[in-house]
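# What the coordinates show
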Amino acid sequence: MKKIIVVLLLTTTTWGTAQEFQGKAYYFSKTSVDANFGGRQMSENQKKAIAERLKSAFEKTFILTFNQEASVYKEEAQLEKSNNTGRWSAMMSGFTSNNYYKNIKEKEYFDQREFYGKNFLIRDSLDQYTWTMHNETKKIGNYTCFKATTTKKVNELMDWREMRRKARQQREQRENGINDQKKIQNTFEQEEAEVPKEIEVIAWYTPEIPVNQGPGSYWGLPGLILEIQEDRNTLLCNKIVLNTKDDTIKTPTKGKEVSQDEFDKISKKKIEEMIEQFSTRRRGGFGGRRN
């Protein structure tokens, strides 16, 4: 008799056939923040406020509902919703998916997002990751996991350092005037060179759950991905429910259908407007002001 197992990564189950592999995996995200914020001179209150905003935006819990062919990745519903409905929240909401569906068989994904009060449904082809397999292993709970690595281009729309740099550049240009443009440009060209264009992604997957699924856009390994490390961000699985009957793995339908490139262009235009607004503020925002 097969069991329905709910565990905090404590138990491994033997399955009969590959078609039976389905279930839910719960992940929590955590982000390490540069305490110096790029060396900027900011008050402790400013640093604390920005750190809290970043934590609120990036440290969440997600649920991956999966089977052999498809999966749905969503943020776990919160009992209490934030009352913060300002421009920051409106912008950050576009950085996270409300409903990310990927179909391994069809090699496509649907990503449902709300951005500045508008609903979008991004439909595009799955990223084809080139994984390098390693012999290194570790235990995550009772599951033996193997290491795999790949590289990923940094999306500057999603990169906090890039947004902050652009806001500072615009503010410095206005404050210093046209005579200092060459000096300012040289400074920011040097800073831009320090922002990575690619990052290494480390994945830990377990062949004990032989599905090609993983959190978010990640997939393509011979086992469920239980941990992802990318730059300062980590996604770690801390709970698995196997052999569940679930009919929620469905293609999202809500929102204006666009390609990933089209959505990025829409986001970029709005974010540049936001950066322009923040950079004019005397304190706070992305760039801050030297004390």
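In this text the structure is predicted, and so the values were computed from the model without any measurement. Position numbers for residues start from 1 in each chain and track the written sequence from start to end. Where totals are concerned, whole chains, interfaces and linings use all residues; where local detail is concerned, this predicted model gives features only for residues with pLDDT of at least 70, and gives and counts side-chain atom pairs only at 80 or more. To obtain the side-chain values, all non-hydrogen atoms of the structure were included, while hydrogens and water were left out.

The next point concerns the overall build of the protein. For the protein, the helix and strand inventory stands at 5 helices and 13 strands. Exposure is judged per residue with a 1.4 Å probe applied to protein chains only, and the accessible area is read against the type maximum: over 50% gives exposed, under 20% gives buried, and values in between give partly exposed. Taking all 291 residues of the protein together, 43% fall into the buried category. Put simply, 69% of the contacts in the protein that link residues at least 6 apart link residues at least 24 apart. Areas reported as accessible are Shrake-Rupley estimates using a 1.4 Å probe. Residue values count occlusion only from the protein chains shown. Counting only carbon and sulfur atoms, one obtains 46% of the accessible surface of the protein, whose full area is about 16,100 Å². By the criteria applied, helices consist of DSSP H or I runs no shorter than four residues and strands consist of E runs no shorter than two, each listed in order from the N terminus. What makes two residues a contact is simply this: any of their non-hydrogen atoms within 4.5 Å.

Attention shifts here to the environment of isoleucine 63. Here isoleucine 63 lies in strand β3 (residues 61-66). Taking C-alpha positions, isoleucine 63 is 9.6 Å from isoleucine 240, a pair spaced 177 residues apart along the chain. Leave out the neighbours within four places in its chain, and isoleucine 63 touches Lys24, Ala25, Tyr26, Val72, Tyr73, Lys74 and Glu76.

Buried Ala, Val, Leu, Ile, Met, Phe, Trp, Tyr and Cys residues that are joined via side-chain atoms within 4.5 Å together make up what is termed a nonpolar core. Counting 42 residues, the largest nonpolar core has Ala25, Tyr27, Phe66, Ile209, Leu224, Leu226 and Ile240 as its most contacted members. Looking at this core, the element that brings in the most residues is strand β10 (residues 198-206), giving 5 residues. With 6 residues, the next largest nonpolar core counts Val72, Tyr101, Leu121 and Ile249 among its residues.

Our focus in this paragraph is the packing of aromatic side chains. Centres within 6.5 Å make a pair out of two Phe, Tyr or Trp rings, where for Trp the six-membered ring is used; the pair is then stacked when the planes are under 30 degrees apart, edge-to-face when over 60, and tilted otherwise. This structure, assessed with the given rule, holds 11 aromatic pairs. Ring centres of tyrosine 100 and tyrosine 109 lie 5.3 Å apart, and the angle between their planes is 15 degrees; on these two criteria the pair is classed as stacked. Ring pairs connect the aromatic residues Phe115, Tyr116, Phe120 and Phe263, which therefore count as one cluster. For a ring to carry a charge above it, either NZ of a lysine or CZ of an arginine must fall within 6 Å of the ring centroid while also lying within 35 degrees of the normal to the ring plane. We note lysine 239 situated over the ring of tyrosine 26; from NZ or CZ to the ring centre the distance is 4.7 Å. Taking NZ or CZ as reference, lysine 270 lies 4.6 Å from the ring centre of tyrosine 116, over its face.

Mapped onto the elements, serine 217 comes out in the loop between β10 and β11 (224-230). Relative accessible area serves as the criterion here: at 17%, serine 217 is assigned to the buried category. Two N or O atoms count as a polar contact when they lie within 3.5 Å, although within protein this holds only if one can serve as hydrogen donor and the other as acceptor, and sequence-adjacent residues are included solely when both atoms are side-chain atoms. Among the polar contacts listed, one links the side chain of serine 217 to the side chain of tyrosine 129, at a separation of 2.8 Å. Look past the residues within four positions of serine 217 in its chain and what remains in contact with it is Tyr100, Lys102 and Tyr129.

Attention shifts here to unusual backbone geometry. Positioned with a positive phi, lysine 107 is a non-glycine residue whose angle comes to about 60 degrees. For lysine 107, the location among the structural elements is in the loop between β5 (99-103) and β6 (108-115). The backbone of aspartate 231 sits at a positive phi, close to 55 degrees, despite the residue not being glycine. Its location among the elements puts aspartate 231 in the loop between β11 and β12 (233-242). With relative accessibility at 45%, the residue aspartate 231 sits in the partly exposed group.

It is worth spelling out the pattern of salt bridges at this point. Counted as salt bridges are all cases of a side-chain nitrogen of Lys or Arg within 4 Å of a carboxyl oxygen of Asp or Glu. This model, assessed by the stated rule, comprises 8 salt bridges. With a shortest N-O distance of 3.3 Å, glutamate 108 and arginine 123 are connected by a salt bridge. Highlighted residues: glutamate 108 in strand β6 and arginine 123 in strand β7 (residues 118-125), separated in sequence by 15 residues. A salt bridge links aspartate 261 to lysine 265; the shortest N-O distance between them is 3.4 Å. Placement of the pair is aspartate 261 and lysine 265 together in helix α5 (residues 260-279), with a separation of 4 residues, close to one helical turn. Note on lysine 265: relative accessible area 55%, which makes it exposed. When salt bridges with common partners are traced through the structure, they connect Glu108, Arg123 and Glu257 into a single cluster.

This part takes up the pairing of β11. Most of β11 sits inside the fold, with 6 of its 7 residues counted as buried. Two strands make a pair as long as DSSP finds a minimum of two bridges between them. Relative to β11, β10 is paired through 6 bridges, and the arrangement is antiparallel. Opposite alanine 203, over in β11, you have isoleucine 228 as the bridge partner. Judged from the 4 bridges that link them, β11 and β12 form a sheet pairing that is antiparallel.

This part covers the confidence of the model for the protein. With 60% of its residues at a pLDDT of 70 or more, the protein shows a mean pLDDT of 76. Per-residue pLDDT stays below 50 along residues 1-18; that stretch engages in 39 contacts with residues further than four places along the chain or on separate chains. On a range of 0 to 100, pLDDT expresses the predictor's confidence in each residue.

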